[in-house]
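Given next are the chains, with one letter for each unit.
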Amino acid sequence: MIYFQLFWAYLKIGIFGFGGGYAMLSMIQFEIVDHYGWMTLEEFADIVALSQMTPGPVGINMATFTGYTVGGFWGSMLATLSLVMPSLLLLVFVLKFLFKNKDNFIVKSTLSSMKPVIAGLIFVAALQMMNPGNFTDFGLHQNNISVIICAVSFVAVFFTKINPILLIIASGLVGYLVY
Amino acid sequence: MKIVWQLFITFFNIGAFTLGGGYAMLEMVERAVVTKRQWIAKDEFWDMITIVQMLPGVFAVNTALYTGYKIKGLRGAVAACLGAIIPSIVIILLIAVFFLDYKENPVIERIFRGIRPCVVALILSPSIKMFINAKVNWKTAIFPIATIVLIYFFKVSPVYIILATIIGSVSFAFYSQNRLNKSKS
């Protein structure tokens, strides 16, 4: 049963995963955490961090990692292959249609109208992660170091071209030193 | 057969050594298939990438599939795709086995307590950038707001929201194209 659910979850993500890595990440979060409740938001955040720091496509890393956590070795294989399968099937269709219609008005306007929706989608993923599990010392009478880490990281990644991996390592070091 | 194998090896190297996936690897792919092996022309490569960026799914996987297909058909596509994902699968499996054993370890736990709020920032930033990039105004703000409310409060699956957006904008595009054609004639 769990294998079928993994297959179905990642197949949907493979088909509707428009808008790049972070959009896909928020879809994975919805399926794995919200819908099936296979892990907590904290465990999910850990997997996101490890997938970012590991070479290779983040989407594949996430699928393999969550698949392994939920269903062991075969779970990881199934999740990854289900994620890739729609792309392979789409290949033939896209080559016939999209390459001939790449300046097509309908294709273009559909893609541009998806952008605000995808922005909202990713925003929700961040919003949901702002929970007590990820911000362990948040509160009026606590030292709120987690809030500072988040704010500083946000400013750094938003306004500069700093490599996110450096931020993850630095935050880990801060966590080791202060907690 | 030789080219199929070379495709596999090329994308295996790219998969094993590019951090951050996606756009970071494009330059490496270009260097490998355009500059070094001269399998495709530069213009042709970037034209292809323009389309691949629009597709659903993992960008790196799609890049491998289409590059492989251009060079050696379906076999090339599968070889390049496997090359791009196998290093990830192997490395992540090793990390996952290790991590699931050690995550209760107090040192690891402290490190990850620091990392988690950083991950939140890493996800928040691209969403804000995309709001700006999509030129959301007071009229179009309804779409991201509706998305946020539907997912956050009503637990609607993002899949349905994306599906509805596609159906909605395709029909709207058809409608406005028709009106344009009518007013021309």
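Owing to the predicted nature of the structure, the values given are computational and were not obtained by experimental measurement.

1. Concerning the overall build of chain A
Move 1: Helix and strand counts for chain A stand at seven helices and zero strands.
Move 2: Sequence-ordered secondary structure for chain A, helices as α and strands as β, is α-α-α-α-α-α-α.
Move 3: Looking at chain A residue by residue over its 179 residues, the buried ones come to 56%.
Move 4: Sequence separation of 24 or more characterises 53% of the internal contacts of chain A that already satisfy a separation of 6 or more.
Move 5: Surface exposure of chain A reaches about 7,600 Å², of which carbon and sulfur atoms provide 73%.
Move 6: The positive charge centre, built from 7 side chains, and the negative charge centre, built from 7, are 27 Å apart in chain A.

2. Let's talk about helix 3 (residues 41–53) of chain A
Move 1: With 13 residues, helix 3 of chain A should cover 18 Å at 1.5 Å per step; its first-to-last C-alpha distance of 18 Å lies within 8% of that length.
Move 2: Most of helix 3 of chain A is tucked away, with eleven of its 13 residues classed as buried.
Move 3: Buried within helix 3 of chain A are the following residues: A:Leu41, A:Glu42, A:Phe44, A:Ala45, A:Asp46, A:Ile47, A:Val48, A:Ala49, A:Leu50, A:Ser51 and A:Gln52.
Move 4: Those residues of helix 3 of chain A that are buried lie in contact with helix 2 (21–35), helix 4 (58–97), helix 5 (105–129) and helix 7 (164–178) of chain A together with helix 4 (59–102) and helix 5 (106–133) of chain B.

3. Quick word on the packing of helix 3 of chain A against helix 7 of chain A
All names here are of chain A.
Move 1: For the pair helix 3 and helix 7, interaxial distance at closest approach is 9 Å and the crossing angle is 130 degrees. On the basis of the axis angle, helix 3 is oblique to helix 7. Handedness of the crossing formed by helix 3 with helix 7: left-handed. Across the interface between the two elements, Ala 49, Gln 52 and Met 53 of helix 3 pack against Ile 165, Ile 168 and Ile 169 of helix 7.
Move 2: Of the residues that constitute the contact of helix 3 with helix 7, the class distribution is five nonpolar, one polar and no charged.

4. Some thoughts on the packing of helix 2 of chain A against helix 7 (residues 158–184) of chain B
Move 1: In the contact formed by helix 2 of chain A and helix 7 of chain B, the axes pass within 9 Å of each other and the chain directions differ by 135 degrees. In this view, helix 2 of chain A runs oblique relative to helix 7 of chain B, as classed from their interaxial angle. Across the interface between the two elements, A:Met27, A:Phe30 and A:Glu31 from helix 2 of chain A touch B:Pro158, B:Val159 and B:Ile162 from helix 7 of chain B.
Move 2: Split into classes, the residues belonging to the contact of helix 2 of chain A with helix 7 of chain B amount to five nonpolar, no polar and one charged.

5. Brief notes about the domain arrangement of chain A
Residue and element names in this part refer to chain A.
Move 1: Per the domain assignment, the segments of chain A are domain 1 (2–134) and domain 2 (135–179).
Move 2: Of note, the centres of domain 1 and domain 2, computed from C-alpha atoms alone, are 25 Å apart.
Move 3: Facing the nine residues of domain 1 at the interface are six residues of domain 2.
Move 4: Summing the contributions of domain 1 and of domain 2, the shared interface buries around 590 Å²; its carbon and sulfur component is 70%.
Move 5: Our count for the contact surface shared by domain 1 and domain 2 stands at zero salt bridges.
Move 6: Viewed at the interface, domain 2 and domain 1 are joined by three residue pairs in polar contact (both at pLDDT 80 or more).
Move 7: Here the side of domain 1 that touches domain 2 takes three residues from helix 3, the largest share from any one element.

6. Quick look at unusual backbone geometry
Move 1: Of note in this structure, A:Asn144 is not a glycine but carries a positive phi near 55 degrees.
Move 2: For A:Asn144, the position within the fold is in the loop between helix 5 and helix 6 (145–159).
Move 3: For B:Lys135, which is not a glycine, the phi torsion comes out positive at approximately 50 degrees.
Move 4: Residue position: B:Lys135 is located in the loop between helix 5 and helix 6 (142–152).
Move 5: Overall, B:Lys135 belongs to the exposed group, its relative accessible area being 65%.

7. As for the domain arrangement of chain B
Move 1: Partitioning chain B into structural domains gives domain 1 (2–102), domain 2 (106–135) and domain 3 (136–185).
Move 2: The C-alpha-based centres of domain 2 of chain B and domain 3 of chain B are spaced at 28 Å.

8. Digging into the interface of chain A and chain B
Move 1: Contacts between the two partners involve 94 residues from chain A, matched on the other side by 87 residues from chain B.
Move 2: In total, chain A and chain B occlude about 8,500 Å² of area from one another, counting both sides; carbon and sulfur atoms represent 81% of this.
Move 3: Taken together, chain A and chain B are joined by three salt bridges.
Move 4: A salt bridge links A:Asp34 to B:Lys155; its shortest N-O distance comes to 3.6 Å.
Move 5: At the junction of chain A with chain B, the criterion picks out 13 residue pairs in polar contact (both at pLDDT 80 or more).
Move 6: Every element with two or more residues in the side of chain A that touches chain B is listed here: helix 1 (2–16), helix 2, helix 3, helix 4, helix 5, helix 6 and helix 7 of chain A.
Move 7: Tallying contributions element by element places helix 5 of chain A first for the side of chain A that touches chain B, with 23 residues.
Move 8: When its residues are assigned to classes, the side of chain A that touches chain B shows 60 nonpolar, 26 polar and eight charged.

What counts and what doesn't
- Residues numbered from 1 in each chain as written.
- Chains lettered and ligands numbered in written order.
- Predicted model: local features only at pLDDT ≥ 70, side-chain atom pairs only at ≥ 80, totals over all residues.
- Heavy atoms only, no water.
- Helix = DSSP H or I, 4+ residues; strand = E, 2+ residues; numbered from the N terminus.
- Buried < 20%, exposed > 50% of the residue type's maximum accessible area, 1.4 Å probe, protein only.
- Contact = heavy atoms within 4.5 Å.
- Areas by Shrake-Rupley, 256 points an atom, 1.4 Å probe, with all protein chains shown as cover.
- Lys, Arg positive; Asp, Glu negative; His and termini not counted.
- Charge placed at Lys NZ, Arg CZ, Asp CG, Glu CD.
- Expected span 1.5 Å × (residues − 1).
- Axes fitted to C-alpha atoms, helices over the stretch in contact; angles between N-to-C directions.
- Parallel < 35°, antiparallel > 145°, perpendicular 65-115°, else oblique.
- Left-handed = near helix turned anticlockwise from the far one by under 90°.
- Nonpolar A, V, L, I, M, F, W, Y, C, P; charged D, E, K, R; others polar.
- Domains from an automatic or database assignment.
- Buried area = accessible area lost by both parts, 1.4 Å probe.
- Salt bridge = Lys/Arg side-chain N within 4 Å of Asp/Glu carboxyl O.
- Polar contact = N/O pair within 3.5 Å; in protein donor to acceptor, adjacent residues only side chain to side chain.

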